[in-house]
Number of protein chains: 2
Amino acid sequence: MATDRDAVLEAAVGVLSRRPTAHLDEIARAAGISRATLHRLFPGRDALIHEIGLLSLQRFATALDTAAVEQGDAQAALRRLVDAAVPDAMLCAFLAGENQLYESNEVNDLWDVQIERLHALFLRGQREGTFRIELSAAWLSEAFFDLVAGIGWAIQDGRLAPRDAAFSLAELFLGGALRRPDAPVGAPPTHSTSDRKPETDTP
Amino acid sequence: MATDRDAVLEAAVGVLSRRPTAHLDEIARAAGISRATLHRLFPGRDALIHEIGLLSLQRFATALDTAAVEQGDAQAALRRLVDAAVPDAMLCAFLAGENQLYESNEVNDLWDVQIERLHALFLRGQREGTFRIELSAAWLSEAFFDLVAGIGWAIQDGRLAPRDAAFSLAELFLGGALRRPDAPVGAPPTHSTSDRKPETDTP
DNA sequence: GTATTCTGAGACACCCACGTCTCATCTGCA
DNA sequence: TGCAGATGAGACGTGGGTGTCTCAGAATAC
């Protein structure tokens, strides 16, 4: 039953992330249920938005957990985080788009905790000499989350193949856009860090 | 008078970029005018949103023009674009947040043109050997625009100092997050291309 | 000084999305 | 087959944002 609710929430994200003013009819249709059932699952629109925010933050928190961002060297931790976060990139896109929307302390507190964990990761990496110190850890956190959100949008709109997502994100964020003739960033040309096996790419 | 309209539009962006469902009362108050005057300037909510999109795209197009992205080597062109686009980053943030909103062909066509120019810049840079070819030009375009939007949000919420914005954007996007002991990205330690002078870093 | 224009404040009606309800249908289980 | 639970379709009333209007006051020009 909880899975059912989550499936509806994810479908709702797919609609609301791009059209925040979408009607409940549209959301229900996207979830494959009727408006009546949507109202049975969630009391109202506010409750729906609230639970989307909660789900998204919980997923991101789980990604931080499974990536064990507090352990190991910072670069490897970030690569693990990329792999863990990309599947839920669309939820992050929703958060990035309207995180100001929440008056709920529950959501805001959870948000602060996760951002703080991300911030700590970059601070640690800077102290270790892994990350650049010319860029503030706050900006690195912000930019990383923005790129995750961008991944979510791009995948949703079919502009980016899901199997390329993790590689594209990790390489661009860590290594930047400039070509370096001497040495690659750290990831070999084989897509070891990103996804399982590349076959088709039309979502 | 056109300046008046633009000022209202920019104020509206400040509200709508974070709260897409904001009432017209709120937008009018943010612009320092009454709801009646807002209705005199723009027939309705749809027209307001439409003109915001138009203004944003025109500003971005102007940034592409002043940066002369079609000329010179690609890296320098991109750095010029950063400097030109950052002042209107919040408008880009609005576009990134709800570019699906527009059914207007006028807006969509303008959007496609600008994205195509950005795409062409990265393609050219890849052919010149400036930009990495492991990352698709489409993804580089997308990510660049996402970061510009992130800059806009971060500045608006006070998480990033405006004078650090261009430097942070250019350095992260071009050089990535990883520290390179041997050589800097290409911009000498003096921030010649982006901003005037870095001093503090606590936003 | 008047006259003109523009603006803000408020009132008003309209409309549509929302929330709730009922009822028929379908499914799962004994 | 019969029962219980869940779902979809539709109707209905309501509320709040929106669009329009009027009128008083301020600003500017003459």
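Before any of the text, the structure's been laid out above.
Residues numbered from 1 in each chain as written. Chains lettered and ligands numbered in written order. Predicted model: local features only at pLDDT ≥ 70, side-chain atom pairs only at ≥ 80, totals over all residues.

A. How the structure looks around the protein's contact with DNA strand C. In the vicinity of DNA strand C, 13 residues are found, and the nearest of them are A:H23, A:L24, A:G44, B:S34 and B:T37. Along the lines of polarity and charge, the residues of the surface near DNA strand C split into five nonpolar, five polar and three charged. (Near = placed C-beta within 6 Å. Nonpolar A, V, L, I, M, F, W, Y, C, P; charged D, E, K, R; others polar.)

B. Quick peek at the protein's contact with DNA strand D. Residues in close proximity to DNA strand D include A:I33, A:S34, A:A36, A:T37, A:R40, B:H23, B:L24, B:A36, B:H39, B:P43, B:G44 and B:R45, which together make up its full environment. Elements supplying a minimum of two residues to the surface near DNA strand D: α3 (35–41) of chain A together with α3 (35–41) of chain B. With three residues, α3(A) is the single largest residue contributor to the surface near DNA strand D. A breakdown of the residues in the surface near DNA strand D according to their chemical character gives five nonpolar, five polar and two charged. (Helix = DSSP H or I, 4+ residues; strand = E, 2+ residues; numbered from the N terminus.)

C. Quick look at the packing of helix α8 (residues 137–156) of chain B against helix α9 (residues 162–175) of chain B. Residues and elements named next belong to chain B. Close contact between α8 and α9 brings their axes to 10 Å; oriented N to C, the two are set at 155°. Between α8 and α9, the angle falls in the class roughly antiparallel. Our pair here, α8 against α9, has a crossing hand that is right-handed. Residues F144, L147, V148, I151 and I155 of α8 touch α9, and the partners they reach there are P162, A165, L169 and F173. Tallied by class, the residues present in the contact of α8 with α9 amount to nine nonpolar, no polar and no charged. (Axes fitted to C-alpha atoms, helices over the stretch in contact; angles between N-to-C directions. Parallel < 35°, antiparallel > 145°, perpendicular 65-115°, else oblique. Left-handed = near helix turned anticlockwise from the far one by under 90°. Contact = placed C-beta atoms within 7 Å.)

D. A look at the nonpolar core. Formed by 129 residues in total, the largest nonpolar core has its most connected members in A:C92, A:L169, B:C92 and B:L169. If you tally residues by element for this core, the top one is helix α8 (residues 137–156) of chain A, at 14 residues. Discounting residues that sit within four places of it in the chain, B:L169 has contacts with B:V82, B:V86, B:L147, B:V148 and B:I151. (Core = buried A, V, L, I, M, F, W, Y, C linked by C-beta atoms within 7 Å. Buried ≥ 20, exposed ≤ 12 C-beta atoms within 10 Å, placed from the backbone.)

E. Summary view of the interface of chain A and chain B. Counting residues at the interface gives 39 residues for chain A and 41 residues for chain B. Listing elements by their share of the side of chain A that touches chain B, those giving two or more residues are α6 (89–98), α8 and α9 (162–175) of chain A. Sort the elements by how many residues they give to the side of chain A that touches chain B and α8(A) lands first, with ten residues. Residue composition of the side of chain A that touches chain B, grouped by class: 18 nonpolar, eleven polar and ten charged.

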